[in-house]
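Residues per chain, in single letters:
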Amino acid sequence: MIRKLLPYTKGYRLWILGGILCSASESVLELMLPKAMSDIVDVGIANGDRAFILITGIKMVLMALLALAGGVGAALFAAKAGMGFGAQLRQAEYEQVQRFSFSNIEHFSTASLITRLTSDVASMQMTLMMSMRIFVRAPVMLLTALVMALTISLSLSQVFLVSIPLLMMAVALVITRVGPFFTALQKSTDDVNLVVQEDLNAIRVVKSFVREEEEKEKFARRNEHLRDTAMRAFGFVVTFMPIITLIMGSTMVAIMWIGGHYVYGGTMLSGDLIAFFTYAGEILVSLMMVSMVLMILTRSIACGKRIVEVLDEKPEITDVQADSALKVGDGSITFDHVYFKYHPTAEGWNLTDVSLQIRSGMTVGIIGGTGSAKTTLVSLIPRLYEVNDGAVYVGGHNVKDYTMETLREACAMVLQKNTLFSGTVAENLRWGRADATDEELREACRIACADEFISAMPDGYDSRIEQGGTNVSGGQKQRLCIARAILRNPKILILDDSTSAVDTATDARIREGLRHALPGATKLIIAQRIASVMDADLIVVMDDGKISGAGTHDELMESNHIYREVYESQQEGVGIDG
Amino acid sequence: MAEPRTAPRPQRGPGGRQAHGYQRPQDLAGTVRKLLRYVSHYKLLLLLVMLCLLISSLGSVAANYLVKPLINDYILPGDFAGLFKMLVIMGGLFGMSALSSFAYARVMVRISQRTVAALRQDLFDKLQTLPLRYFDTHQSGDLMSRFTNDIDTVSELINSSLASILTNVLTFVATFIMMLILNWQLTLITVFFLMMMGVVVMVIGGRSRTNFQTQQSALGAVNGYIEEMIEGQKVIKVFHHEEKAIARFSELNVAYRDAATRAQSYAGSMMPAMGNLSRINYAVTCCVGGLLAIGGIFDVGSLGAYLVYVRQVSQPVAQISQQVNVILAAMAGAERIFAVMESEPETDEGKTVLVCVEKTAISSPRRRGAPAIGRGSTRTER
């Protein structure tokens, strides 16, 4: 994993090196001080040598000043390197996601991709910054302090033979045992968040079914579980510090007892004992720092892995086979024995042996129950997914022969789950075509019946749309999305259930508008209501991933029982709806 | 040209989600009062915590003071029976300090997790009473982040920051008093360096704060953009908008990198600056202490004990100066949580009729009535 992330430090390696050097020299200088202090006590005070004390004192101040420079330098280098690394990683990951096909995106899910791009990257850049400082500092301090302690008194250092293994055992115990505690904690946190998320997403259902009490109880159960898990996990973690205090305290007591004998016996100077005391503290503290870094590191390894997964994901759809000079000639579409499934490991097919011929300029209605693969069928035309077997032809060429840019330039699709972006109405519409004139915008909106509500908005086409289009209604959003697709002036226009939130009268007006707009373009309309597609040139009835029938309204009424049943049931509905 | 602008969102949205670093609560006193109401269930336990805190911090300060009599009265004269007795006391002090710090940590975990769980439950229960209009006007991601980020910061506050601040204040005061007792002249040097540290905190800290604000709004912009683009990724694919989405992202990414580098440079310099000021203090103290010792005003044992305190005295100052930001962030988080809790609940006006109609319609056998709901919601289109 580290090998995979290493390339993104490019351009910042000198900064990293500088930071490490600064940090290391700060730590070494810092630990020279207690030794100098012991010289003051044992040489200066003992001999009453004022000049020696003064000179040593000045040396110490200079060392501390140098350490200050090193410390601040390390911080500056770490900031530069950490943030630079983070930015490059974020950029690479974001660009990778832009290469993803629909199935790549679905493989990760939107929420997970966002986390991997935001907090995971933040954690990585923090880790680099921290480790440049602490990961260098802790081992250097440990080694220097150990060397200093050994030079002061080899025999007194034997105390560490007991206390260091004890400390390591405590650290090892915590690190090995803490993992499961926090995995459990993470799981119950996810459980709680899941309930909240489900509840927020389905708040309408919750309210209309009056399920609030049940939701509260469900939440309470998981919340209590989270509380108990958290108490166990943190309760375990807090035993760590007191154990450390105990080990450190006993070490100090032992040093004083043994060292006291040495000093009295004349084999050790009292200043050395004080310095030794200080180094002992540093050794134990830096050991703890190492263990803390290890804990942080294990957590950030998880984040790093998640980022690498994104970077390693192979974009499923590429332009390798494409001829960049090839243009889409007309809007004819052919499905030739197409087989398709979303998950390569799934047993059944989502589309089974679909063959279909659509001539350029036709209006095609697509009807079928939920899960009958209507959306799947049309998604293959702009090559949002790759067929597993068979082929899809657009304008007489296999879709794989066009670059994605050419193909998607020619096919405009209005997705069932559609999105507007924050910005003005006009900016959103110009996603369709960047250089569209104001007049073209208005024309597209007239066809999509969006012009009325836009002109009623305070700033007309310059009114702001909130992120995700939350400040326009569902029906308005759908009409804006249709206008955006029309603006593209495509050879093929695909509307996937795009008027579901629009009232029947407006729906009829949009269809009427579309009939005259974009002459020559092939139009595919997925609809729930047969009325929406009744007068299409061709109606395709989908059933369980297969084409159950295709023909005009009259032909299907004659030959296709599914179509007939749906038509009859909807006729009743019309009577009630008015 | 065509790509939508992501306006920085200071209050809510993804920007707010990440921008905890230096957020300030608007009504600090009110938020503290509301939070205290949750914690005050545990008055007795809190009292116990205070007691343990006192024992633990004073215990370790006192144990370090023992260095002086150990060297002066027992080691140098060679009184090993006395030394043994003193070392037992010293060990006892460390042990007591460890035990009481274990006790208060365990109790604090209990208090904090119970408080946070209660807070979470109340927040969730409150959400169930809010009218649909509330969910139309608030993004679910934003509400979600009250449950995750905001609750987390509050939990961290109660769990560790509160105890840590108290310990630090106690340790600082006790250490300072001990230093005065050992030698008031040397303490003057420490006071001077503590004042220098105060200046550093004010200067670097002030710069760091303004830079952090820039960093957080840049972070909000880049994360907001990521969120929006990834959520609309399929539309980007359909309209082949990838390159434009990358171009705008690059600008925001670089802007954030530069702002963050500046902010982190200041923030990162703080600790080394404080630490090394404390070391300069140590150096000067050694020198002056040595001179005093030659003059006979001071003895070696006191110098040893004093130097232990010099190394310790600045730690609480540095830690408190860092904790302040955690506290403010937690308070800002708590304020956002209470803001939801204080929203107007659904009132039964004329709408009751509609709710009842749906209720009777749905409480008929078919449970999986999702399509019915779907149609119901389209009907509410304004």
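The rules we used
- Residues numbered from 1 in each chain as written.
- Chains lettered and ligands numbered in written order.
- Predicted model: local features only at pLDDT ≥ 70, side-chain atom pairs only at ≥ 80, totals over all residues.
- Heavy atoms only, no water.
- Helix = DSSP H or I, 4+ residues; strand = E, 2+ residues; numbered from the N terminus.
- Buried < 20%, exposed > 50% of the residue type's maximum accessible area, 1.4 Å probe, protein only.
- Contact = heavy atoms within 4.5 Å.
- Areas by Shrake-Rupley, 256 points an atom, 1.4 Å probe, with all protein chains shown as cover.
- Rg over C-alpha atoms; globule rule 2.2 N^0.38 Å.
- Pairing = 2+ DSSP bridges.
- Salt bridge = Lys/Arg side-chain N within 4 Å of Asp/Glu carboxyl O.
- Phe/Tyr/Trp six-rings, centres within 6.5 Å; stacked < 30°, edge-to-face > 60°.
- Buried area = accessible area lost by both parts, 1.4 Å probe.
- Polar contact = N/O pair within 3.5 Å; in protein donor to acceptor, adjacent residues only side chain to side chain.
- Nonpolar A, V, L, I, M, F, W, Y, C, P; charged D, E, K, R; others polar.

Caption draft 1: How the structure looks around the overall build of chain B. Helix and strand counts for chain B come out as 13 helices and zero strands. Residue burial in chain B is summarised as follows: out of 382 residues, 55% are buried. Taking the contacts inside chain B whose residues are at least 6 apart along the sequence as the reference set, 87% of them involve residues at least 24 apart. In the structure as shown, chain B presents an accessible area of about 16700 Å², 64% of it carried by carbon and sulfur atoms.

Caption draft 2: View of the overall build of chain A. In terms of regular secondary structure, chain A is built from 20 helices and 12 strands. Relative to the compact-globule value of 25 Å for 578 residues, chain A shows a C-alpha radius of gyration of 35 Å, a clear excess of over 25%. Viewed in the frame of its principal axes, chain A has a C-alpha envelope of about 115 × 55 × 50 Å. In chain A, which comprises 578 residues, the proportion classed as buried is 55%.

Caption draft 3: Region of interest: the sheet that holds strand S2 (residues 351-358) of chain A. Residues and elements named next belong to chain A. Taken in spatial order, the four strands of this open sheet run S2-S1-S4-S5, and their pairing is antiparallel. Edge positions in the open sheet fall to S2 and strand S5 (397-398), since each of these has one partner strand only. The pairing of strand S4 (residues 389-394) with S5 spans two bridges and is antiparallel. Bridged to Tyr 393 within S5 is Asn 398.

Caption draft 4: Inspection of the pattern of salt bridges at higher detail. Under the defined criterion, the tally for this structure stands at 35 salt bridges over all chains. Taking the shortest distance from any N to any O, the salt bridge between Arg 306 of chain A and Asp 120 of chain A comes out at 2.7 Å. Residue Arg 306 of chain A is found in helix H11 (residues 270-312), and its partner Asp 120 of chain A is found in helix H6 (residues 119-152); the two are separated by 186 residues along the sequence. Overall, Arg 306 of chain A belongs to the partly exposed group, its relative accessible area being 27%. Judged by its relative accessible area of 4%, Asp 120 of chain A is buried. A salt bridge links Glu 439 of chain A to Arg 442 of chain A; the shortest N-O distance between them is 3.7 Å. One end of the pair, Glu 439 of chain A, and the other, Arg 442 of chain A, are both in helix H15 (residues 438-447), three residues apart, so they sit about a helical turn from each other. Taken together, the shared-partner salt bridges connect Glu 26, Glu 30, Arg 133 and Arg 137 of chain A together with Arg 279 of chain B into one network.

Caption draft 5: Region of interest: the pairing of strand S1 (residues 333-340) of chain A. Residue and element names in this part refer to chain A. For S1 and S2, the ladder comprises five bridges, and the chain directions are antiparallel. When the sheet's bridge partners are listed, Phe 335 is paired in S2 with Leu 356. The sheet contact formed by S1 and S4 spans five bridges and is antiparallel. Bridging across to S4, Phe 335 finds its partner in Val 392.

Caption draft 6: Examining the packing of aromatic side chains more closely. Following the criterion strictly, the structure yields 22 aromatic pairs over all chains and no others. Where Tyr 94 of chain A meets Phe 249 of chain B, the ring centres are 3.9 Å apart and the plane angle is 15°; that geometry is what we call stacked. Taken together, the residues Tyr 94 of chain A in helix H3 (residues 50-99) and Phe 249 of chain B in helix H10 (residues 242-294) connect one chain to another. Grouping residues by exposure puts Tyr 94 of chain A and Phe 249 of chain B together as buried. Ring centres of Phe 219 of chain A and Phe 124 of chain B lie 4.1 Å apart, and the angle between their planes is 5°; on these two criteria the pair is classed as stacked. With Phe 219 of chain A in helix H9 (residues 212-237) and Phe 124 of chain B in helix H5 (residues 80-129), this pair bridges two chains. As far as the burial class goes, Phe 219 of chain A and Phe 124 of chain B line up, both buried. Taken together, Phe 102, Phe 340, Tyr 342 and Tyr 385 of chain A form an aromatic cluster joined through their ring pairs.

Caption draft 7: Region of the structure containing the interface of chain B and chain A. On the chain A side, the residues contacting the 118 residues of chain B number 133 residues. Both faces combined, the contact of chain B with chain A buries some 11300 Å², and carbon together with sulfur accounts for 70% of it. Our enumeration of links across chain B and chain A arrives at three salt bridges. Between Glu 106 of chain A and Lys 234 of chain B there is a salt bridge, and its shortest N-O distance comes to 2.6 Å. Where chain B touches chain A, the interface holds 25 residue pairs in polar contact (both at pLDDT 80 or more). A total of 29 residues in the side of chain B that touches chain A trace back to one element, the largest contributor, which is H10 of chain B. Of the residues in the side of chain B that touches chain A, the class split is 60 nonpolar, 34 polar and 24 charged.

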